[in-house]
Amino acid sequence: MMSKQPYQSPKEPPKMTPPQKANFLERVVGTMNASIYILNLDPFRLDWINDSDHTYRALGIDASSIIEQGNEIAYRILESPDFRESVTEAVEFFYNNPNQRWYGVFRIRHANDQYRWIYATSVVFEKNDQGIAQKVVVTALDLTEHLNTNEALSEVLKESRQQRYKETIKTLTTREIEIIRLLAKGHSTKEIANQLNRSFHTIETHRGNIKNKLGCKNVAEIATMGVRMGLV
């Protein structure tokens, strides 16, 4: 019978000096399979980004070249819809919610002019004396490399956008969501009425309610919002 060994507490790792700790953290962020960067919100500019292989693969340029472009880099790599969702809405969100996290999915333009899908999460890094968010730290992952099928990518994008617009989606009925999806696929009001076995007037009423809830002026805007909210 084996004798029971007395419990020995695990040894604490050796303490690091400040230079050792700085070197250790630099190695960690440099080898991470993600891009980590710090954004200043007002004025908007990129303050720092980790010099990792992931950053170069995602953008096709190295960290020092990105920093040199400062606040111009976002305008160069982001199209209008993606700029609004990843920059404009994020900045507004942090001004109003400095203690919460922001999640987003957006496209960036690689140096070879091809687009890559990025998933990012952000949190406030520094606040000013009034408690207003001043800097945020962002962790970004290139989905283009990590998802093997377009179907998987599509599901991730939908779930992320549904999460962002969950409060708006809650205001919609099941029927209204169904109509939004059909409108986004190009079906006319008459076609939707026939498909759902409802009158033309009923579908028109639903469409009017949808426009009011989403703040849309026409069918094209409803379709765009349906995609943006991840319903399509």
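Data block above holds the structure.
Keep in mind that what you see is a predicted model, and the values were worked out from it rather than measured. (Residues numbered from 1 in each chain as written. Predicted model: local features only at pLDDT ≥ 70, side-chain atom pairs only at ≥ 80, totals over all residues. Heavy atoms only, no water.)

### Description of helix H12 (residues 219-228)
Phase 1: Within H12, the full set of buried residues consists of Ile 222, Ala 223, Met 225, Gly 226 and Arg 228.
Phase 2: Sitting at the amino-terminal end of H12 is Asn 218, which places a side-chain oxygen 3.2 Å from the backbone nitrogen of Ala 220.
Phase 3: Positive backbone phi, approximately 80 degrees, marks Gly 230, located one or two places after H12. (Buried < 20%, exposed > 50% of the residue type's maximum accessible area, 1.4 Å probe, protein only. Helix = DSSP H or I, 4+ residues; strand = E, 2+ residues; numbered from the N terminus. Polar contact = N/O pair within 3.5 Å; in protein donor to acceptor, adjacent residues only side chain to side chain.)

### A closer look at the side chain of His 54
Phase 1: Checked against the element boundaries, His 54 lands in helix H2 (residues 53-59).
Phase 2: Not counting chain neighbours up to four residues away, the residues in contact with His 54 comprise Met 32, Asn 33, Ala 34, Ser 35, Ala 140, Leu 141 and Asp 142. (Contact = heavy atoms within 4.5 Å.)

### Here we look at the pairing of strand E1 (residues 35-41)
Phase 1: Extensive coverage of E1 is indicated by the burial of 7 of its 7 residues.
Phase 2: Here 6 bridges tie E1 to strand E5 (residues 133-142), and the two strands are oriented antiparallel to one another. Within E5, the position partnered with Tyr 37 by the bridge is Val 138.
Phase 3: Direction of pairing for E1 relative to strand E2 (residues 44-49): antiparallel, over a ladder of 5 bridges. Within E2, the residue paired with Asn 40 across the bridge is Arg 45.
Phase 4: The antiparallel pairing of E1 with E2 creates a hairpin that spans 2 residues between the two strands. (Pairing = 2+ DSSP bridges.)

### Re the packing of helix H9 (residues 174-184) against helix H11 (residues 200-214)
A pair of packed helices is captured by two measures, namely the crossing angle of their axes and the spacing between those axes.
Phase 1: Relative to each other, H9 and H11 sit at 90 degrees, their axes nearing to 10 Å. The orientation of H9 with respect to H11, classified from their angle, is roughly perpendicular. Packed against H9, whose contacting residues are Arg 175, Glu 176, Ile 179, Ile 180 and Leu 183, the element H11 presents Ile 203, His 206, Arg 207, Asn 209, Ile 210, Lys 213 and Leu 214 at the interface.
Phase 2: Along the lines of polarity and charge, the residues of the contact of H9 with H11 split into 6 nonpolar, 2 polar and 4 charged. (Axes fitted to C-alpha atoms, helices over the stretch in contact; angles between N-to-C directions. Parallel < 35°, antiparallel > 145°, perpendicular 65-115°, else oblique. Nonpolar A, V, L, I, M, F, W, Y, C, P; charged D, E, K, R; others polar.)

Take it as geometry only, folks, not as evidence of what the structure does.
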